[in-house]
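# Commentary on secondary and tertiary structure
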Amino acid sequence: MTEAKKPDVSIKEQGHITKIKALEASFSRHKGKAIANASVNECSLVKISEDVGVHRDYFKGIKPKTLPHIAKQYKAFADSVSQWRAEFQNKKINNEVESELGKLQKQNELLENERNQAHMSCADLVAKNEQFKFELSQVVDQLSKTQDHAIEASYSALQRDKNRFTTFAKAEVISPDQQLYNAEGIYEFDNKALKDVAWRSSREALKNFLQRNLPMRIYLLSGMPGSGKTTWLASNCYYPDRHPVVIDATNLTLRSRMQWLSLILPYKMKLTTDIKVCAVIFDTPYDVLVQRNFKHRRIEEGTFRELYETQDEISVLDEQFDEIMIIRHI
């Protein structure tokens, strides 16, 4: 019998060395993004590992088992990313403090100058103040009249069209997360291929719903895994005047929410459609989220923490929601 050929260790090692160099290159790119955007979340192990295609188990220093010195290099790389993030955050805080001190010093100088000139311009300031009050009162009156008119117009339109409203009992739910189970029924949160397929099919499903000639309210859920989205869905807490369509995903970042809104807004702007978009924000304490994640063991602790830190608050100006609901700890 011939002996099985032993694997060429040098080739394996070279492959890992190439991956480590690719990780370092990606690290440099993401550092640049973090500095340019003043956001530490632009540079994380999650983004770097997805960029290069390296599973984050390597960052624990236990893989590859046959090449312990390579495993140490992976671990050292992960430590360097964590250290940089901490230093970046500390530097950002220090810069903000220094900036605030500078602003206070400039404000103090301006106040000194204003105090020295106050006795020369007191009468002028009083006159300007009275003029400002008068103009402000006119603006307030005009806004009040406009608001009253809008309320009357809305009420009249509602009375004219009230017969066309229908109470819808069943919501259409779009859930990319439910498509992240492999053939063995195992939940794979980090599987990029599954994610791509899930999001592509979910976007197509949303387009199909938007093309219907129905009054709709689209509920865009935003919350961590374990924050209570499934429980809220089961409660059927929908307004009865429109057909409910629910986008059930984490949607933690401004970018992820804007991807949905970019599909919805063109349909919403058509005169022939009646669509409202409601953001449903799940505000759940971090310790509760950790307990629920530990109970189900869906996402590893490090990834879970990084996911929590990537959250962006709702931007009322940029995201253009018609309504916002906040669900606290369910």
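### Quick look at helix 6 (residues 254–268)
With 15 residues, helix 6 extends 19 Å between its outermost C-alpha atoms, agreeing within 8% with the 21 Å of an ideal straight helix rising 1.5 Å per residue. Its maximal kink placed at L261, helix 6 deviates by approximately 30°. By the burial criterion, the buried members of helix 6 are S256, R257, W260, L261, L263, I264, L265 and Y267. Where helix 6 is buried, its residues touch strand 1 (172–174), helix 4 (192–210), strand 2 (216–222), strand 3 (243–247), strand 4 (275–283) and helix 9 (316–319).

### Thoughts on unusual backbone geometry
With phi around 55°, N236 is a residue other than glycine that occupies positive phi space. Among the structural elements, N236 can be located in the loop between helix 5 (229–235) and strand 3. Positive phi is not limited to glycine here, since N251 has a value of about 45°. Residue placement: N251 occurs in the loop between strand 3 and helix 6.

### Some details on the environment of H329
Take H329: it is sitting in the segment after strand 5 (323–328). Judged by its relative accessible area of 44%, H329 is partly exposed. With 45 residues separating them in the primary sequence, H329 and T284 have C-alpha atoms 4.5 Å apart. Residues contacting H329, with those up to four places away along its chain left out, are D283, T284, P285, V288 and R292.

### Description of the packing of helix 4 against helix 6
Axis separation between helix 4 and helix 6 bottoms out at 10 Å; the angle between their running directions is 15°. Overall, the two elements helix 4 and helix 6 adopt an arrangement that is roughly parallel. The crossing of helix 4 and helix 6 is right-handed. Touching W199, S202, R203, L206, K207 and L210 of helix 4 are W260, L263, I264 and Y267, all from helix 6. Split by residue class, the contact of helix 4 with helix 6 holds 7 nonpolar, 1 polar and 2 charged.

### Things to note about the nonpolar core
L206, L210, I218, I247, I264 and I275 are the most contacted members of the largest nonpolar core, which totals 19 residues. For this core, the secondary structure elements donating two or more residues are helix 4, strand 2, strand 3, helix 6 and strand 4. The element that contributes the greatest number of residues to this core is helix 6, accounting for 5 residues. The residues contacting I275, other than those within four sequence positions of it, are L210, M216, I218, I264, Y267, K268 and D322.

### Some details on the pattern of salt bridges
Throughout the structure, instances matching the rule amount to 16 salt bridges. We note a salt bridge from D283 to R328, for which the minimum N-O separation is 2.7 Å. Linking D283 in strand 4 with R328 in strand 5, this pair joins segments that are 45 residues apart in sequence. Using a relative accessible area of 55% as the deciding quantity, one classes R328 as exposed.

### Details of the layout of surface pockets
Quantified by volume, the largest pocket comes out at close to 1400 Å³. The wall of the largest pocket is formed by 38 residues, among which K47, E50, K195, T253 and R255 lie closest to the centre. Elements supplying a minimum of two residues to the lining of the largest pocket: helix 1 (9–37), helix 2 (45–52), helix 4, helix 6 and helix 8 (301–309). A class-by-class count of the residues in the lining of the largest pocket yields 10 nonpolar, 11 polar and 17 charged. Residue lining of the second largest pocket: 24 residues in total, with P225, G226, K229, T230 and R298 positioned closest to the centre. The leading source of residues in the lining of the second largest pocket is helix 5, at 4 residues. When grouped by side-chain class, the residues that make up the lining of the second largest pocket number 9 nonpolar, 10 polar and 5 charged.

### Section: the sheet that holds strand 5
What the 5 strands build is an open sheet, ordered 1-3-2-4-5; its pairing is parallel. Strands with a single pairing partner mark the edges of an open sheet, and in this sheet they are strand 1 and strand 5. Going from strand to strand, the sheet's axes swing by 20° on average, the running direction of each strand aside. Bridge count for strand 2 against strand 3 is 5 bridges, and the pairing is parallel. Across the sheet, the residue bridging to Y219 is V246, located in strand 3. In the packing of helix 6 onto the sheet, the strands contacted are strand 1, strand 2, strand 3 and strand 4, and the crossing angle to strand 4 comes to about 160°.

### A few points about the confidence of the model for the protein chain
Here the protein chain shows a mean pLDDT of 81. Residues at 70 or above account for 86%. In the predicted structure, residues 161–166 sits below a pLDDT of 50 and forms 5 contacts with residues beyond four places in sequence or in another chain.

### Section: the packing of helix 7 (residues 286–296) against helix 8
Contact geometry for helix 7 and helix 8: axes closest at 11 Å, N-to-C directions at 145°. Remark: the crossing between helix 7 and helix 8 carries right-handed chirality. Note on element contacts: helix 8 touches helix 7 through F304, R305 and Y308, opposite Y286, L289, V290 and N293. Considering only residue class, the contact of helix 7 with helix 8 consists of 5 nonpolar, 1 polar and 1 charged.

Rules behind the numbers
Residues numbered from 1 in each chain as written. Predicted model: local features only at pLDDT ≥ 70, side-chain atom pairs only at ≥ 80, totals over all residues. Heavy atoms only, no water. Helix = DSSP H or I, 4+ residues; strand = E, 2+ residues; numbered from the N terminus. Expected span 1.5 Å × (residues − 1). Bend = angle between axes of the 7 residues up to and from the residue. Buried < 20%, exposed > 50% of the residue type's maximum accessible area, 1.4 Å probe, protein only. Contact = heavy atoms within 4.5 Å. Axes fitted to C-alpha atoms, helices over the stretch in contact; angles between N-to-C directions. Parallel < 35°, antiparallel > 145°, perpendicular 65-115°, else oblique. Left-handed = near helix turned anticlockwise from the far one by under 90°. Nonpolar A, V, L, I, M, F, W, Y, C, P; charged D, E, K, R; others polar. Core = buried A, V, L, I, M, F, W, Y, C linked by side-chain atoms within 4.5 Å. Salt bridge = Lys/Arg side-chain N within 4 Å of Asp/Glu carboxyl O. 1 Å grid on protein atoms, 1.4 Å probe; cavity = no way out; pocket = protein on both sides within 12 Å on 5 of 7 lines; lining within 4 Å. Points joined across faces, edges and corners; volume = space filled by probe spheres on them. Pairing = 2+ DSSP bridges. pLDDT = per-residue confidence, 0-100.

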